[in-house]
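Fold and contact review
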Amino acid sequence: MHPAPSVILFTTLSGAGFGFLACLSLGLLPATGWAAFFAWGLAYGLAVAGLLASTFHLGNPQRALRAFTQWRTSWLSREGWASVTTLAFVAPGAAEAVFGWPTGDWTRVTGLLAAAMAIVTILCTAMIYAQLRTVPRWHHWTVPLSFLSFAAAGGLILAAPGAYAALACLILGAVLMLQFDRGDRQFALAGSTLAAATGLGPSVRPFAPANTSPNYIMREMIFQVGRKHALKLRGLALILGALLPAALMLTLPSGPVASALAFASYLAGAFAQRWLFFAEARHVVSHYYGQV
Amino acid sequence: MTALPPPSKKKLGLVIDLDTCVGCQACVTACKGWNDQGYGAPLSDMDAYGSSPCGTFLNRVHSFEVQPEGAEAQIIHFPRSCLHCDNAPCVTVCPTGASYKRAEDGIVLVNESACIGCGLCAWACPYGARELDGEAGVMKKCTLCVDRIYNENLPEIDRQPACVRTCPTGARHFGDLGDPESPVSRLVAERGGYDLMPDLGTAPVNKYLPPRPKDRDRGAPALAPLSDLKATGLAGWLDRLLEKI
């Protein structure tokens, strides 16, 4: 699948943003005043920047609001609703922390709801990919698990630098290894073959393509550059995304500097992993083009 | 609404005969021609006269080679377009309701004025039947020539999809696959028509007819009977004369 930069930015930034929002809403980073303004602002910023980035690849972004209408069937639409609901539930807690408005116990309720909805949002994002039977590598439970692990690690690095954040990073590393391992088998397990795609029996092989220059389908769904570097990118994702942040969390004194360094590394690892997530995924339509 | 309607009684679709298709691309051209001027945004071409042309097509013809056991290798031309699936995954993933399946005849269509061009439906389709138009930024797909088949301004003979109307070998058939007595349904039953990628559960309406077994090894060269011909008349006299020299 074509790794569109807008979608990579969207899934990584909004994943970390919603993870951070969930941590803040659960009260993991007790800050007030300017510190709170920057923390909640960063969390909101990441989440919203990611959501905005997701509109960049649209053919007709001016109609993006229509995407809220089909929540009954579409994970993409559900994701829209879940993200907006999360941002709304986050607001009272953010206002209390930043402006010191006395709000009483009910911000704890909205905070819990915000954290729950943040998790739902991340799951909806993951399901946009995991629902697709046409991309066997994605059609697996390790995909939502990996999106959740990324969000948890990113959120904890920013909100609660220390042992718990390190643990979340190590869990993320283990989940990534599981996802790589399971993902590699999915295409074969799905029984996807040119014989099934054409009904022409086991001896069938491509003879001549339908067109001589690449078309939309080939550009969007048959992308092979990433596979060549798959091992290196997996290593980068594991080291930068999980191991280095975990080491930084355990060795540096807990604080903004540790968070910033670890988050920078985490984000680089997340970009590598997400690029590969797309580049490595094979769509069953590749059979017709003889490029599996 | 992108929820799928309950299965319709009428299921309009195509039956494609892989035995008779000669890969002439007439259906591709006719489809492009008709859909340049009719329903929705015209199918655009980008860099049409440049070094890397790329255009939107709703129908493409691939060629495959098969090697049946104990027989000569065969080239199979394989037209590929929307199969108007009963359980269309492209419809349910659509966030805006632009992608829909008609309850009355099962045709899968895109309401272009509601399409945001996110491309998720094209990802969900196993058959590569949807292409995002490079010019209009909306998803294009086979409409089964919905603007021809019900069009009373056209002579009755033209009220079928452009690809079917134009096919010079009669390899494409259009009809109601929901009616077991329709000519297309009987053709499918007779010839063992099948679904593409049946395991994915999309329940395609369009069917493909397998190539008939042919070119079986008869134990002797196919042209052997011809080498025995006796020339007659002037040619025969010449033949006998030349033999004697």
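What follows deals with the sheet that holds strand S4 (residues 59-66) of chain B. The 3 strands lie next to each other as S1(A)-S4(B)-S5(B), forming an open sheet whose pairing is antiparallel. Edge positions in the open sheet fall to strand S1 (205-208) of chain A together with strand S5 (74-81) of chain B, since each of these has one partner strand only. Sheet twist, expressed as the mean angle between neighbouring strand axes with direction ignored, is 45°. In the sheet, S4(B) pairs with S5(B) via 8 bridges, with the strands oriented antiparallel.

Our focus in this paragraph is the confidence of the model for chain A. Taken as a whole, chain A shows an average pLDDT of 92; of its residues, 99% reach a score of 70 or greater. Here helix H9 (residues 225-228) of chain A is the element of chain A with the lowest mean pLDDT, 72, and helix H5 (residues 142-159) of chain A is the one with the highest, 96.

It is worth spelling out the interface of chain A and chain B at this point. Contacts between chain A and chain B engage 55 residues on the former and 58 residues on the latter. Carbon and sulfur atoms make up 60% of the area that chain A and chain B hide from each other, which totals about 4,400 Å². When residues of chain A are sorted by the area they lose upon contact with chain B, A:Leu200, A:Tyr216 and A:Tyr288 head the list and together hold 15% of the total. Across the chain A-chain B interface, the total number found is 1 salt bridge. The closest approach of N and O atoms between B:Glu65 and A:Arg205, which form a salt bridge, is 2.6 Å. At the junction of chain A and chain B, the tally comes to 28 residue pairs in polar contact (both at pLDDT 80 or more). Residue assignment for the side of chain A that touches chain B shows that the elements contributing at least two residues are helix H3 (75-99), helix H4 (106-130), helix H7 (194-198), S1 and helix H8 (216-221) of chain A.

Think of a pair of aromatic rings as described by two things: how far the centres are apart, and how the planes are tilted against each other in angle. According to the stated counting rule, one finds 20 aromatic pairs over all chains in the structure shown. Centroid distance B:Phe78 to B:Tyr208: 5.0 Å. Interplanar angle 10°. Geometry classified as stacked. In this pair, B:Phe78 sits in strand S5 while B:Tyr208 sits in strand S11 (residues 207-209), placing the two residues 130 residues apart along the sequence. For the pair B:Phe78 and B:Tyr208, one class covers both residues: buried. Taken together through their ring pairs, the aromatic side chains of A:Tyr129, A:Trp138, A:Phe147, A:Phe277, A:Phe278 and B:Trp123 make up a single cluster. In this arrangement the basic side chain of A:Arg78 is found over the ring face of A:Trp75, its NZ or CZ atom lying 4.5 Å from the centre. Stacked on the ring of A:Phe147, the Lys or Arg A:Arg274 has its end atom at 4.3 Å from the ring centre.

This part covers the nonpolar core. Formed by 138 residues in total, the largest nonpolar core has its most connected members in A:Tyr129, A:Trp138, A:Leu200, A:Tyr266, A:Tyr288 and B:Trp123. The dominant element in this core, judged by the number of residues it contributes, is helix H1 (residues 5-25) of chain A, at 11 residues. Not counting residues within four places of it along the chain, the set of residues in contact with A:Tyr129 comprises A:Val7, A:Phe10, A:Thr11, A:Trp138, A:Phe147, A:Phe277, A:Phe278 and B:Trp123.

We now examine a nonpolar patch on the surface. Residue and element names in this part refer to chain B. A contiguous nonpolar surface patch, about 670 Å² in accessible area, is contributed by Leu-234, Trp-237, Leu-238, Leu-241, Leu-242 and Ile-245. Turning to its location among the elements, Trp-237 is positioned in helix H7 (residues 233-244). Exposure remark for Trp-237: the relative accessible area of 47% places this residue in the partly exposed category.

Below, the discussion takes up the sheet that holds strand S1 (residues 12-17) of chain B. All names here are of chain B. Spatially, S10-S1-S11 is the arrangement adopted by the 3 strands of the open sheet, whose pairing is mixed. The sheet is open, and its two borders are formed by strand S10 (172-176) and S11, each paired with just one other strand. This sheet shows a mean twist of 25° between the axes of neighbouring strands, independent of strand direction. Relative to S10, S1 runs antiparallel, the two sharing 5 bridges. Its bridge partner being in S10, Gly-13 is matched across the sheet by Gly-175. Contacting S1, S10 and S11, helix H6 (residues 183-191) runs over the sheet at an angle of about 120° to S10.

Thresholds applied
- Residues numbered from 1 in each chain as written.
- Chains lettered and ligands numbered in written order.
- Predicted model: local features only at pLDDT ≥ 70, side-chain atom pairs only at ≥ 80, totals over all residues.
- Heavy atoms only, no water.
- Pairing = 2+ DSSP bridges.
- Helix = DSSP H or I, 4+ residues; strand = E, 2+ residues; numbered from the N terminus.
- Axes fitted to C-alpha atoms, helices over the stretch in contact; angles between N-to-C directions.
- pLDDT = per-residue confidence, 0-100.
- Contact = heavy atoms within 4.5 Å.
- Buried area = accessible area lost by both parts, 1.4 Å probe.
- Salt bridge = Lys/Arg side-chain N within 4 Å of Asp/Glu carboxyl O.
- Polar contact = N/O pair within 3.5 Å; in protein donor to acceptor, adjacent residues only side chain to side chain.
- Phe/Tyr/Trp six-rings, centres within 6.5 Å; stacked < 30°, edge-to-face > 60°.
- Buried < 20%, exposed > 50% of the residue type's maximum accessible area, 1.4 Å probe, protein only.
- Lys NZ or Arg CZ within 6 Å of the ring centre and 35° of its normal.
- Core = buried A, V, L, I, M, F, W, Y, C linked by side-chain atoms within 4.5 Å.
- Patch = residues over 30% accessible without salt bridge, like charges linked within 9 Å, V, L, I, M, F, W, Y side chains within 5 Å.
- Areas by Shrake-Rupley, 256 points an atom, 1.4 Å probe, with all protein chains shown as cover.

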